[in-house]
Amino acid sequence: MYLPDFRLDEQLAVVTGGTKGIGRAIALSFAQSGADVILIARNQKHLETVSKEIESLGRRAYVIAEDISNYKVIKEKVETVRDGRTIDVWVNNAGMNIRSEAEDVTEDEWEQIINTNMKSAFFLSQYAGSIMKKKKRGKIINISSVGGHMALRTGVVYAMTKSAMIQMTKNLALEWGKYQINVNAIGPWYFPTSLTEELLQDDDYVQAILERTPLKRIGKLEELSGAAVFLASDAGNYMTGQTLFVDGGMTIYGF
Ligand SMILES: NC(=O)C1=CN([C@@H]2O[C@H](COP(=O)(O)OP(=O)(O)OC[C@H]3O[C@@H](n4cnc5c(N)ncnc54)[C@H](O)[C@@H]3O)[C@@H](O)[C@H]2O)C=CC1
Ligand SMILES: C[C@H](O)[C@@H]1OC(=O)[C@H](O)[C@@H]1O
C-alpha cells in the first residue's frame, strides 16, 4: 500500500475552542474524515451551531460549555460524554491574546493568557494521555504559533505560551512515545479568524505580513486543517514531537 490512511472513521476527537476559526475548521475536517467530535468552548449558541454542522456531515457532536481554565470540570464532563469510549485525538486549540508592549503587561493579563493558552493545555493533555495510554494509541495536537518560534510584535506573553506549547509537545512526545501516543504541534502564521480580524482589516498591517511571507498571501483555514488531519490520522503515525509551521514560508524568511 502506498497511500497511507488519512481517515478518522469511528474515532472520537476533542477540539478545545472548536466553535470558531481554526478550531471549527479542524473540528469539521475531522467530522468530514469520519470522526465524532467533542467541542469545548464557552458560548452555548456557537457550540450548538457547530454541533449541527458536524451532524450534517453524518457524525455525532457533543458539546461542553466551559471556560478552558475550568479544566478540572472539563475533565469530569468529558468523562461523562465519552461514556467509556477512548479519546483518539485531542486538539489543544483554545487560545487568546492581549496584545501589548512588555512594559505594559499586567499580572491579570499574564494570568489570563498563561492559564488559557498553556496551563489548561498541559492539564488537559495529562488527562487525555491517561486515557490514550490504556489503548496504547492516541494523537495530541497542540496549536502553537509562529510566535512560539519567532519574535512577533503581537505580545511577549502570548509568544511565551506558544513557545511553551512547542516544548511541551517535545517532552510529552518523549514520555508517551512508548504508549504509541503521538504528540505534535501546528504553528500557524496569519489566518482569518476573530482573533486576527481587526489586524487583517488594516491594509498597512497586511502589507507588513505579506512582506514577511514568501507565498505573499494570508492562509486559508482549509490549508491548516489538512495538517491537523494528517497528524490525527494513521498517516502521521511515525511523526511525534514535531511542530508543523503552516506559515506561507514565514519562518524561513531570512532576508
Ligand atoms: N488566527 C491566527 O492567525 C492564528 C491563531 N493561532 C492560534 O490558533 C488558536 C485558535 O485561534 P483562532 O481560531 O485564530 O481564534 P478564535 O478567537 O477565532 O477562536 C478561538 C477559539 O478558542 C475559544 N476560546 C478562547 N478562549 C477560551 C477560553 N478561555 N475558554 C474556552 N474557549 C476559549 C474561543 O471560544 C474560540 O472558539 C489559538 O490558540 C491561537 O493562538 C496561532 C497563530 C495564528
Ligand atoms: C501569528 C500569531 O500567532 C497571531 O497574530 C496575532 O496578532 C495574534 O494575536 C497572534 O499573535
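Predicted, not measured: the structure shown is a model, and the values here were computed from it. Along each chain, residue indices are assigned from 1 in the same order as the chain's sequence is written. A letter from A marks each chain and a number from 1 marks each ligand, given out in the order of writing. Local features in a predicted model are, by the rule used here, given only for residues with pLDDT of at least 70; side-chain atom pairs are given and counted only at 80 or more, and totals for whole chains, interfaces and linings are based on all residues. Side-chain measures here rest on the full set of heavy atoms in the structure, leaving out hydrogens and waters.

(A) Just the overall build of the chain, in detail. Note on conventions: DSSP H or I runs of at least 4 residues are helices, E runs of at least 2 residues are strands, and numbering of each starts at the N terminus. Tallying secondary structure elements over the chain gives 8 helices and 7 strands in all. By the compact-globule yardstick of 18 Å for 255 residues, the chain fits well, its C-alpha radius of gyration being 17 Å. A separation of at least 24 residues holds for 73% of the contacts in the chain among residues at least 6 apart in sequence. In the structure as shown, the chain presents an accessible area of about 12500 Å², 52% of it carried by carbon and sulfur atoms. Of the charged side chains in the chain, 29 are positive and 31 negative, and the gap between their average positions amounts to 8 Å. All radius of gyration figures rest on C-alpha atoms, and the globule criterion is 2.2 Å times the number of residues raised to 0.38. Only heavy atoms enter the contact rule, under which two residues are in contact if any of them lie within 4.5 Å. The accessible surface values rely on the Shrake-Rupley method and a 1.4 Å probe; as for residues, cover is taken only from the protein chains in view. Note on charges: Lys and Arg go in the positive column, Asp and Glu in the negative column, and His and the chain ends are not counted at all. For the purpose of locating charges, the reference atoms are NZ of Lys, CZ of Arg, CG of Asp and CD of Glu.

(B) Region of the structure containing unusual backbone geometry. Although it is not a glycine, Gln-180 adopts a positive phi angle of roughly 55 degrees. Note that Gln-180 resides in the loop between helix 5 (156-176) and strand 6 (181-188). Think of it in three bands: with a 1.4 Å probe and only protein chains considered, a residue is buried below 20% of the maximum accessible area for its type, exposed above 50%, and partly exposed in between. Residue classification places Gln-180 among the partly exposed residues on the basis of a relative accessible area of 48%. In this model, Lys-216 sits at a positive phi of 55 degrees, which is unusual for a non-glycine residue. As for its placement among the helices and strands, Lys-216 is situated in the loop between helix 7 (203-211) and helix 8 (221-232). On the basis of relative accessible area, Lys-216 is assigned to the partly exposed category, the value being 48%.

(C) Expanded view of a nonpolar patch on the surface. The patches reported here contain residues having more than 30% relative accessible area and no salt bridge. Joining distances are 9 Å for like charges and 5 Å for nonpolar side chains (Val, Leu, Ile, Met, Phe, Trp, Tyr). Think of a salt bridge as a Lys or Arg side-chain nitrogen and an Asp or Glu carboxyl oxygen that are within 4 Å of each other. There is a patch of nonpolar side chains on the surface, built from Trp-110, Val-156 and Met-160 and spanning about 250 Å² of accessible area. Along the chain, Val-156 turns up in helix 5.

(D) Layout of the sheet that holds strand 1 (residues 12-16). Two strands are counted as paired when DSSP detects at least two bridges linking them. Taken together, the 7 strands give an open sheet; going across it, the order is 3-2-1-4-5-6-7, and neighbouring strands pair in parallel fashion. Of all strands in the sheet, those bounded by a partner on one side alone are strand 3 (61-65) and strand 7 (243-246). Between one strand and the next, the sheet's axes are offset by a mean angle of 15 degrees, whatever the strand orientation. Pairing geometry for strand 6 and strand 7, over 4 bridges, is parallel. Across the sheet, residue Ile-186 finds its bridge partner in strand 7, namely Leu-244. Every axis in this analysis is a line fitted to C-alpha atoms, fitted for helices over the stretch in contact. Angles between the N-to-C directions lie between 0 and 180 degrees. Running at roughly 170 degrees to strand 6, helix 8 makes contact with strand 4 (89-92), strand 5 (138-143), strand 6 and strand 7 of the sheet.

(E) Structural context of the site of ligand 2. Close to ligand 2 lie Asn-97, Arg-99, Ser-145, Leu-152, Thr-154, Tyr-158, Trp-189, Tyr-190 and Leu-199, which account for all nearby residues. Side-chain polar atom of Ser-145 to an oxygen atom of ligand 2: 2.6 Å apart, as the coordinates give it. Polar contacts, as counted here, are pairs of nitrogen or oxygen atoms within 3.5 Å of one another; within protein the pair requires one atom able to donate a hydrogen and one able to accept it, and residues that are adjacent in sequence qualify only if both atoms are side-chain atoms. Side-chain polar atom of Thr-154 to an oxygen atom of ligand 2: 3.0 Å apart, as the coordinates give it. Look at ligand 2: alone it shows 290 Å² of surface, and the protein chains cover 97% of it. Gly is placed with the polar residues, together with every amino acid not listed as nonpolar (Ala, Val, Leu, Ile, Met, Phe, Trp, Tyr, Cys and Pro) or charged (Asp, Glu, Lys and Arg). Considered class by class, the residues forming the shell around ligand 2 number 5 nonpolar, 3 polar and 1 charged. Being near a molecule or strand, for a residue, comes down to having at least one heavy atom within 4 Å of it.

(F) Layout of the pattern of salt bridges. Tallying each qualifying case throughout the model produces 10 salt bridges. The salt bridge involving Asp-9 is made with Arg-7; its shortest N-O contact spans 2.7 Å. The exposure class assigned to Arg-7 is partly exposed, which follows from its relative accessible area of 36%. A salt bridge links Glu-10 to Arg-59, with the shortest nitrogen-to-oxygen separation between them at 3.4 Å. On the criterion of sequence distance, the pair formed by Glu-10 in the segment before strand 1 and Arg-59 in the loop between helix 2 (44-56) and strand 3 is long-range, its members being 49 residues apart. Judged by relative accessible area, which is 57%, Glu-10 ranks as exposed.

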